[in-house]
Amino acid sequence: MSAEPLELAHRAVALATEAGAREAEATMAVSDTFNAEARAEQITKLQQSVGRSLTLRAFVDGRKATLATTDLSPEGMADLVERCVEAARSVQRDPLGGLPEPESVAAHDLHIFEPDVHARSEDEKLTDALSMEREMRAYDARIDNSNGSRVADAVTSVALVNSRGFEGSYTSSSVSLSASPVLRDGTEKRTAHYGASRRGYGAMPAASEIARIAARRAVEMCGARKPQTTILPIIFERDVAAVLLGDLFAACSGANVAIENSFLAGRVGERIGSDFVTIIDDGLLPAGMGSSPFDAEGVPTRKTVVFERGVLRSFLFDTYHARKLGAKSTGNASGGTVGPNNFYLRPGSGSLEDLVTRTPHGILVYDIIGFATEHVTGTWSRGASGFMVEDGQIAYPVDGFTIAGNLRDMLATLDDVAGDIVYESSIVSPSFRVAEMTVSGT
Amino acid sequence: MSDTQPETLPRSLIERLLAVALERGGEQAELFCEQRLSHALRLQEGRIHEAGVSMTRGVGIRVRVGDQQGYGYSDDLSEDSLERAARVAGKIARGSQSLRAVSVSERLVESMYVEGEWSDRVAMGRRVDLLLRADGAARRFDARVRAVNGSLVDEVQNVLIATSEGLLVRDRRPLVTLAVQVVAERNGERTQGYYGDGGRRGFEFYDRITPESIAGEAARIAVVNLEAVEAPTGELPVVVGPGGGGVLLHEAVGHGLESDFNRQGVSLYSGRVGERVASELVTIYDDGNLPGERGSVAVDDEGTPGQHKVLVERGVLRGYMQDALNAELMRTHSTGSGRRQSFRYLPQPRMTNTYMPAGDLQPDEVIKRVKRGFYAKSFSGGQVEISKGDFVFMVGEGYLIEDGRLTAPVKGATLIGNGPEIMTRVSAVGSDMKLANGSYSCGKGGQLVPVGVGLPTLLISSMTVGGSRVG
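Note that the coordinates shown come from a computational prediction; the quantities given were computed from them, not determined experimentally.

Participant: I tried to follow the overall build of chain A on my own but got confused; where do I start?
Facilitator: Within chain A one finds 10 helices and 20 strands. Its C-alpha atoms give chain A a radius of gyration of 24 Å, near enough to 22 Å, the size a compact globule of 442 residues would have. Dimensions of chain A, computed from the C-alpha atoms along their principal axes, are close to 70 × 55 × 35 Å. By the burial criterion, 57% of the 442 residues in chain A qualify as buried.

If you want it as structure tokens, here you go:
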């Protein structure tokens, strides 16, 4: 990393201290990003930029204010830091506010930077995007349009400095490819989407494979109908399962628990889930998309067991919310609140197909829309599409229905887990089954 | 502030950057320069918990060749860095080097925002006072109110837009939102209510729409939800309430009428202008010219003035919402619908304020037509898939309808339907059109922009209600 980001972070901390902050912490992020989109035989979007941003947290006698800026000119920074410190004076004093106790960060090789992201040529990336468009159309004649095929990568350097002597930096990379076919199903149009993300191009599935999976998903949904209103076991395919796990993360976040905006508040030590529910947050997972040596406050990341065989063991914390609830930070500070590192449900065994085989009757959900989660009560519902499962086999596609339940009941009746987890986001899950949910259709 | 600001870039530099962007043979180039200062204050546990200041400053440069777009941005305003961004954007054209001169001249635009006490003139004490008043009002509303969380976010965004066709416009856009979340509790059961309001205006708005009224509404919803029963399940007649019910139009029809999806042929409304797409009771407008509303734009993020657009008229599809690129490729004019989250993003055709004009029935007459059904007073959000038209809405506040009257409040319902299908089932429209409270934002392609919605009371003869109670 060049000296500049660390230097800018030091300068911001010094400016804040001069302006009257007792403590300050600054993070500089510099991100070199590439984005391309292809449609049919053309590259339709090509974007490339280096974006820089500074975030600062200033504490004035336990009063906290934050600054986020893309203006890094010396005059701009001086003026904005002053505004930030001034804004802190409107905040009520909070004795729990302030920087974390200094902790040393151990050296780990987390494999979060892959040099092939820099090395791969623009032409190769554009060829990948175009080949996904061709591959989808070749898969089935009814696929005659798309919502674009995309290739994106980024190399991001982060430097963090605080007034208690912390100084740290790291560089990470990410790559993602995705394909979105549009298929003609009689008079209707059907869309599907599939994508993959990794730390480098070397670990990515081939572009052609991503395109084929996306195309197959569109084809398989042809002729889908609305199921009858009933109560059934629901199999959540792994990407859909990850969305559900995201809601669970919110319920386990110390920031939500502290304001009682979580159905899990006050329940540590209680049995909530079935034996299949072991949930981990691991900031040190090799090549994990959410791995980093330290969190947004410079606290070393670690592995935390959140649920162990159904029993709620721990919430996840940044420094402030840990102090508030009499716990210790779990290294989950992110963007001024609590965020996931690599938050996942422990995989079981077998493939998704095996899980279907183990299900006499139910619905396999491949896609959901909406975001109706009430974190206070755990009430959960989504629009869904997927396949009816009969006698352990996929029978026919279904769409236009909702599934509803309560997160607490869903955890308690989670009764089978596949082994198909892929660590391609900071919240991931293997496919799993919930014993019964309400299906609302015709 | 530093001396060089994006909206005061010298004209000579703007012209040179546009010329550099076109060196490789691009057809059109555009500069979007932005400087946005926002303040945020958060209320928690009866006190001001945190303050935030945020500055978004930078320049985005776009080059178009047919339907191809190149884009580069820079937060560094040095000439070198800006020229680099212009060259990156220009690469999409892949031709050989040749420089052609570009000249721009400024056009003045009429503001669409309500003049007054804008964000940049407000003292911190004023913000603190509004939030503490909201907190007090929510707590006084009902003894069962357990927690109150609030936020006040305000900004002024300065933009300068210049194009290789010679256009140069500036716009100054205020935006303020006061939002309150209330948690109520009874016998260990907790529920929540959320409400917010604001717009493209100054803080004097809160003299009229007081923080007490906003917090009171959030508290009322939380307390109502304490009494709520499980949502019914299956196909039912649904009455959608005025104002916030407008999310229905936004999802069920609006997104499908954005021009990118229609030019690309991926929307179910592609190529259907002039066709009947809804019941003849359905008329839908998208209007960027409503003074002070959250979705309004004096000019959009491509420099085109905001407009009043007829999307659907008595059930017939009249037109799409156009940005510059799609309008040109479809041989029509931009409707002032090109919007973006910030200088780091390409513009997309987007909605502004989307609403349905009033019908002629009294709202209670609409409800009286339903023997057993569902009343959605407001939605907490929605999402649509624009090719097939399937959408969902999350109900914020809902009631059962029994024998033409609202009865028990209902919790946690999701409505699901298909846009074109639902629009043919609109069977009654009330006379009570109103614009919703100003707290809605719309996400598309990873970009969030503020929007407005509005609706009169509306009856949909049948729709799938997805609750957890079967039978």
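Participant: Where do I start with the domain arrangement of chain A in this structure?
Facilitator: It is common to give the size of an interface as the accessible area lost on bringing the parts into contact. Residue and element names in this part refer to chain A. Its domain assignment divides chain A into domain 1 (116-154 + 173-220) and domain 2 (224-442). Of note, the centres of domain 1 and domain 2, computed from C-alpha atoms alone, are 26 Å apart. Contact residues are listed per partner, giving seven residues for domain 1 and six residues for domain 2. At the level of elements, β7 (194-198) and α5 (207-220) are the ones that each hand at least two residues to the side of domain 1 that touches domain 2. At three residues, the largest contribution of residues to the side of domain 1 that touches domain 2 is made by β7. When the residues that make up the side of domain 1 that touches domain 2 are grouped by side-chain class, the tally is one nonpolar, two polar and four charged.

Participant: Would you mind going over the interface of chain B and chain A with me for this structure?
Facilitator: Listed per partner, the contact involves 64 residues of chain B and 65 residues of chain A. The element contributing the most residues to the side of chain B that touches chain A is strand β2 (residues 47-65) of chain B, with 12 residues. For the side of chain B that touches chain A, a count of residues per class yields 22 nonpolar, 29 polar and 13 charged. Strand direction decides the pairing type here: strand β2 (residues 42-60) of chain A and strand β3 (residues 68-74) of chain B, joined by three bridges, are parallel. Across the sheet, the residue bridging to Gln47 of chain A is Tyr71 of chain B, located in β3 of chain B.

Participant: When you look at helix α1 (residues 11-21) of chain B in this model, what are you seeing that I'm missing?
Facilitator: Structural remark: α-helix, 3.6 residues per turn; residues separated by three or four positions point the same way. Residues and elements named next belong to chain B. All of the buried residues in α1 are Ile14, Leu17, Leu18, Val20 and Ala21. Buried residues of α1 fall within an arc of 160 degrees about the axis and therefore sit on the same side. In the core, the buried residues of α1 are packed alongside β1 (28-44), β2, α2 (79-90) and β5 (145-163).

Participant: How should I be thinking about unusual backbone geometry in this particular structure?
Facilitator: With glycine set apart, most residues show a phi of negative sign, and most peptide bonds adopt trans. Here Arg309 of chain A, not a glycine, exhibits a phi torsion of approximately 45 degrees, which is positive. Note on placement: Arg309 of chain A falls in the loop between β10 (303-308) and β11 (311-312). For Arg331 of chain B, which is not a glycine, the phi torsion comes out positive at approximately 55 degrees. In this structure, Arg331 of chain B sits in the loop between α8 (324-329) and β13 (338-339).

Participant: Would you mind showing me how to read the sheet that holds β11 of chain A here?
Facilitator: Remark on secondary structure: sheet strands pair via backbone hydrogen bonds, oriented parallel or antiparallel. Residue and element names in this part refer to chain A. Overall, mixed pairing links the five strands, which are arranged β11-β10-β9-β14-β19 in an open sheet. Two strands bound the open sheet, and with one partner strand each, they are β11 and β19 (427-428). For strand β14 (residues 343-345) and β19, the ladder comprises two bridges, and the chain directions are parallel. If you follow Phe343 over to β19, its bridge partner there is Ile427.

Participant: Looking at this structure, how should I read the nonpolar core?
Facilitator: One recurring pattern in soluble globular proteins is that nonpolar side chains are buried together. Counting residues in hydrophobic clusters, the biggest one holds 270 residues, and the most contacted among them are Ala12, Ala58, Cys84 and Val365 of chain A together with Ala138 of chain B. Residue contributions to this core peak at 10 residues, all from β5 of chain B. Excluding residues within four positions of it along the chain, Cys84 of chain A makes contact with Leu56, Ala58, Ala65, Thr66 and Leu67 of chain A together with Val53 of chain B.

Participant: Explain the confidence of the model for chain B to me, please; I cannot follow it from the model alone.
Facilitator: Averaged over all residues, the pLDDT of chain B equals 93, while 98% of them reach at least 70. Here the prediction assigns the complex a pTM of 0.93, and the interface score ipTM is 0.92.

Rules used throughout
- Residues numbered from 1 in each chain as written.
- Chains lettered and ligands numbered in written order.
- Predicted model: local features only at pLDDT ≥ 70, side-chain atom pairs only at ≥ 80, totals over all residues.
- Helix = DSSP H or I, 4+ residues; strand = E, 2+ residues; numbered from the N terminus.
- Rg over C-alpha atoms; globule rule 2.2 N^0.38 Å.
- Buried ≥ 20, exposed ≤ 12 C-beta atoms within 10 Å, placed from the backbone.
- Domains from an automatic or database assignment.
- Contact = placed C-beta atoms within 7 Å.
- Nonpolar A, V, L, I, M, F, W, Y, C, P; charged D, E, K, R; others polar.
- Pairing = 2+ DSSP bridges.
- Arc of directions from axis to C-beta.
- Core = buried A, V, L, I, M, F, W, Y, C linked by C-beta atoms within 7 Å.
- pLDDT = per-residue confidence, 0-100.

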